[in-house]
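# Results of the structural survey
Residue-level listing of the chains:
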Amino acid sequence: MIDFGFGVNTARAINMDTNDLDTAREIFDRLPDLQACMACGSCTATCTAGAITSFNFRKVHTLVRRGEYGEAYAEMSKCMLCGKCRLVCPRGINTRGVVLLIKKKLGDY
Amino acid sequence: MKVTIIGGGVAGIQTALALKGLGHDPVIIEKEDTLGGKLRGWHRLFPVMTPARDVLEPMLKQLRDQQIEVMASTEVQAIESDGVVTSRGKVESRATVVCSGFDLFDATLKEEYGYGIYDNVITSADLEQMMNNGKIALADGTQPHRIAFLHCVGSRDEKVQQRHCSKVCCVTGVKQAIEMRRWFPHSEIYNFYMDIRMFGPGYEEMYRSAQQEHGIQFIRGRISEAAPVKGGKVQIKAEDTLVGRPLKMTVDMLVLLIGMTAGCSNSRWTECTGLSQSDSHFMRPLDMFEGNVRSELPNVFYAGTVTSPKTIGESLNEANAAAMRVAAYLETL
Ligand SMILES: Cc1cc2nc3c(=O)[nH]c(=O)nc-3n(C[C@H](O)[C@H](O)[C@H](O)COP(=O)(O)OP(=O)(O)OC[C@H]3O[C@@H](n4cnc5c(N)ncnc54)[C@H](O)[C@@H]3O)c2cc1C
Ligand code: SF4
Ligand code: SF4
Ligand code: SF4
């Protein structure tokens, strides 16, 4: 077949009607303090992995909240579990615990 | 001689009580047939969920006990150097305190949200009314499962000539989200915001508890449009600016957190020589500091939301301050 160079792009929009939000809810039930994130970005700013890769911890756990697990899980593997993010979070969130929980919960995605 | 007070909202009532306490003779002139202003439409007040009635009723009782004169169903049309002109004739006075308050933003002006067109798009003021009536329901009588609140409707928006921040709607949105959680424990609740402005005592704590204890989801991004879909639901579009991707979802109910706009009486007040308006048509006080309850005229004073968006507590404080300024002014005569 002749390749005309057309492709089908998947929609970029986060679709909250079709995304599975139950898994995110389970994560929040286990670590309710994650809900208190106010998106200050301190965790990302100080992150050891973020300093040398595109890893953005704040963005990753926001994606989880929206049910965008595929992207989040792939990114999470860049975390080195050093725990620096937890030291700086002004809302006292156990951010390292978030990493571990997301990795555990989202293994299937 | 009398001191005329224009408007019988919380600011006007408190100004009258304070002036009476200082030995003066205030008269409240109110265009509606009852006193209380906007407070009459609210259910529970931020930041500690006090029933609105518990604030208003004791104030009204004091007015009656102290036999303060009230002219209800009387509209002030002009301020003059020796009093005010009303729909029932002239009332003479040596000083006037303008407490004519604010207006609620007319949400139909933001056509893209479909207020007044789609069934289940309501305003924060409508929601207070529903709570006062003891029933929150969709247009078909059923319960909402997914609810979205939109911050800054009619505020911070050049398209509707409202540049200012209305100050009270962020905390109102958080308060109402928590109330919705209590009415509908299994619902999903989302607040779409651009900035969360939690300036007052206990407000930030309330925001945190909304997130952590009540599971309210905060999405940073302004809803750009709403469209009706089957079954009376509404589809909304926004950018989740924290992840940098467009987001869409269907909700059962969309609540617009409408802002405070300048009172429609303000154009009359500027027709009096010397008084002027500041940004977004609120009345301009003499200055922002020591003269914040004084006007550009020596015998005209301001209290409450006539000069800018304020909370009830702030409006009450200004009422007390204005009463003291009036008393000091009267002594100089
Ligand atoms: C949705 C919403 C929820 C809110 N919830 C809270 C809350 O929980 N807690 C809190 O602290 N604050 C709250 N506020 C703010 C609160 O409503 C105001 O601070 C308060 O109502 C201001 O009182 P006021 O007397 O300045 O004005 P108003 O309440 O507007 O009173 C002005 C009065 O003047 C009268 N008037 C106007 N023009 C004339 C005229 N020409 N002649 C005669 N009379 C006239 C009007 O009829 C009215 O009775 C809320 C605001 C909004 C928009
Ligand atoms: S624990 Fe992971 S996310 Fe946190 S600072 Fe270290 S590398 Fe970054
Ligand atoms: S430091 Fe804490 S509050 Fe700030 S973005 Fe990271 S998790 Fe959220
Ligand atoms: S208080 Fe909040 S919702 Fe209201 S105008 Fe200001 S930023 Fe917007």
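Residues numbered from 1 in each chain as written. Chains lettered and ligands numbered in written order. Predicted model: local features only at pLDDT ≥ 70, side-chain atom pairs only at ≥ 80, totals over all residues. Heavy atoms only, no water.

### Focus: the overall build of chain A
The helix and strand tally for chain A stands at seven helices and one strand. Ordered by position from the N terminus, the helices and strands of chain A form the series β-α-α-α-α-α-α-α. For chain A, the spread of C-alpha atoms along the principal axes amounts to about 55 × 30 × 25 Å. Put simply, 70% of the contacts in chain A that link residues at least 6 apart link residues at least 24 apart. About 6,000 Å² of surface is accessible on chain A, with carbon and sulfur atoms providing 54% of the total. Of the side chains in chain A, 15 bear a positive and 11 a negative charge, and the two mean positions are spaced by 11 Å. (Helix = DSSP H or I, 4+ residues; strand = E, 2+ residues; numbered from the N terminus. Contact = heavy atoms within 4.5 Å. Areas by Shrake-Rupley, 256 points an atom, 1.4 Å probe, with all protein chains shown as cover. Lys, Arg positive; Asp, Glu negative; His and termini not counted. Charge placed at Lys NZ, Arg CZ, Asp CG, Glu CD.)

### Describing the packing of aromatic side chains
Residues and elements named next belong to chain B. Under the counting rule described, the total for this entry stands at six aromatic pairs over all chains. Taking the centre distance of 5.5 Å and the plane angle of 80 degrees together, the rings of F46 and Y203 count as edge-to-face. Of this pair, F46 sits in the loop between β3 (44-45) and β4 (50-51) while Y203 sits in helix α5 (residues 203-212), and the two are 157 residues apart along the sequence. For the pair formed by F46 and Y203, the shared burial category is buried. Between F199 and Y203, the ring centres sit 5.0 Å apart and the planes meet at 75 degrees, which makes this aromatic pair edge-to-face. A relative accessible area of 38% places F199 in the partly exposed class. (Phe/Tyr/Trp six-rings, centres within 6.5 Å; stacked < 30°, edge-to-face > 60°. Buried < 20%, exposed > 50% of the residue type's maximum accessible area, 1.4 Å probe, protein only.)

### Some words on the confidence of the model for chain B
A low pLDDT score tells you not to read the predicted coordinates there in detail. Averaged over all residues, the pLDDT of chain B equals 97, while 100% of them reach at least 70. Here the predicted complex scores 0.96 on pTM and 0.91 on ipTM. (pLDDT = per-residue confidence, 0-100.)

### Here we look at the site of ligand 3
Residue and element names in this part refer to chain A. C37, C40, G41, C43 and C89 are the nearest of the 13 residues found near ligand 3. Secondary structure elements with two or more residues in the shell around ligand 3: α2 (42-46) and α4 (57-65). Broken down by class, the residue content of the shell around ligand 3 amounts to eight nonpolar, four polar and one charged. (Near = heavy atom within 4 Å. Nonpolar A, V, L, I, M, F, W, Y, C, P; charged D, E, K, R; others polar.)

### Side note on the environment of S166 of chain B
Residues and elements named next belong to chain B. Structurally, the position occupied by S166 is in the loop between β12 (146-153) and α4 (169-183). Sequence spacing of S166 and P309 is 143 residues, and the spatial spacing of their C-alpha atoms is 5.5 Å. There is a polar contact of 2.9 Å between the side chain of S166 and the backbone nitrogen of M260. (Polar contact = N/O pair within 3.5 Å; in protein donor to acceptor, adjacent residues only side chain to side chain.)

### Thoughts on the site of ligand 1
Residues and elements named next belong to chain B. The immediate surroundings of ligand 1 are formed by 35 residues, with E30, K38, F46, T305 and K310 found nearest. Note that a nitrogen atom of ligand 1 is positioned 3.1 Å from one of the backbone N or O atoms of K31. The backbone of V76 places a nitrogen or oxygen atom 3.0 Å from a nitrogen atom of ligand 1. When the free accessible area of ligand 1 is taken as 1,000 Å², the share hidden by the protein chains comes to 97%. Elements represented by at least two residues in the shell around ligand 1 include exactly α1 (10-21), β10 (102-104), α6 (266-271) and α7 (312-332).

### As for the sheet that holds strand β6 (residues 76-80) of chain B
Residue and element names in this part refer to chain B. Here we have three strands laid out as an open sheet, ordered β6-β7-β8, and antiparallel in their pairing. The outermost strands of the open sheet, each flanked by one partner alone, are β6 and β8 (89-92). Averaged over all pairs of adjacent strands, the angle between strand axes in this sheet comes to 20 degrees, irrespective of strand direction. Relative to strand β7 (residues 83-86), β6 runs antiparallel, the two being bridged by four bridges. Following the sheet pairing, E80 is matched in β7 by G83. (Pairing = 2+ DSSP bridges. Axes fitted to C-alpha atoms, helices over the stretch in contact; angles between N-to-C directions.)

### Comments concerning the interface of chain B and chain A
In this assembly, 22 residues from chain B lie in contact with 25 residues from chain A. Buried surface at the junction of chain B and chain A, summed over both partners, amounts to about 2,200 Å²; 44% is from carbon and sulfur atoms. Contact with chain A buries surface across chain B, with L242, V243 and R245 of chain B losing the most and accounting together for 29% of the total. Here chain B is connected to chain A by six salt bridges. We note a salt bridge from E71 of chain A to R245 of chain B, for which the minimum N-O separation is 3.1 Å. One can count 18 residue pairs in polar contact (both at pLDDT 80 or more) joining chain B with chain A. (Buried area = accessible area lost by both parts, 1.4 Å probe. Salt bridge = Lys/Arg side-chain N within 4 Å of Asp/Glu carboxyl O.)

### Notes on a nonpolar patch on the surface
Together, I2, F4 and F6 of chain A make up an exposed nonpolar region whose accessible area comes to about 460 Å². For F4 of chain A, the location among the structural elements is in the segment before β1 (14-15). (Patch = residues over 30% accessible without salt bridge, like charges linked within 9 Å, V, L, I, M, F, W, Y side chains within 5 Å.)

### Describing the pattern of salt bridges
In total, this model carries 29 salt bridges over all chains according to the counting rule given. Across the salt bridge formed by R268 of chain B and E75 of chain B, the nearest N and O atoms sit 3.0 Å from each other. Taken together, the residues span a long stretch of sequence, with R268 of chain B in helix α6 and E75 of chain B in the loop between β5 (69-71) and β6 at a distance of 193 residues. In this structure E75 of chain B comes out as partly exposed when scored by relative accessible area, which is 28%. Shared partners join several salt bridges into a network, and the residues in it are D17, D22 and R25 of chain A together with R146 and E188 of chain B.

### Quick word on the side chain of N266 of chain B
Residues and elements named next belong to chain B. Mapped onto the elements of the fold, N266 is located in helix α6. For N266, a relative accessible area of 1% corresponds to the buried category. Within polar-contact distance, the side chain of N266 engages the backbone oxygen of H281 at 2.9 Å. With sequence-adjacent residues up to four places away left out, N266 is seen in contact with S100, Q277, H281, F282, M283 and V306.

### Description of the domain arrangement of chain B
All names here are of chain B. What the domain assignment reports for chain B is domain 1 (2-101 + 263-331) and domain 2 (107-260). Here the C-alpha centre of domain 2 lies 31 Å away from the C-alpha centre of domain 1. Across the domain 1/domain 2 interface, buried area totals approximately 1,600 Å², and carbon plus sulfur atoms make up 63% of it. Looking at the side of domain 1 facing domain 2, the largest losses of area belong to H43, F46 and M49, adding up to 37% of the total buried there. At the boundary of domain 1 with domain 2, the tally comes to one salt bridge. One salt bridge connects K167 with E314, and the closest N-O pair in it is separated by 3.1 Å. At the boundary of domain 1 with domain 2, the tally comes to seven residue pairs in polar contact (both at pLDDT 80 or more). (Domains from an automatic or database assignment.)

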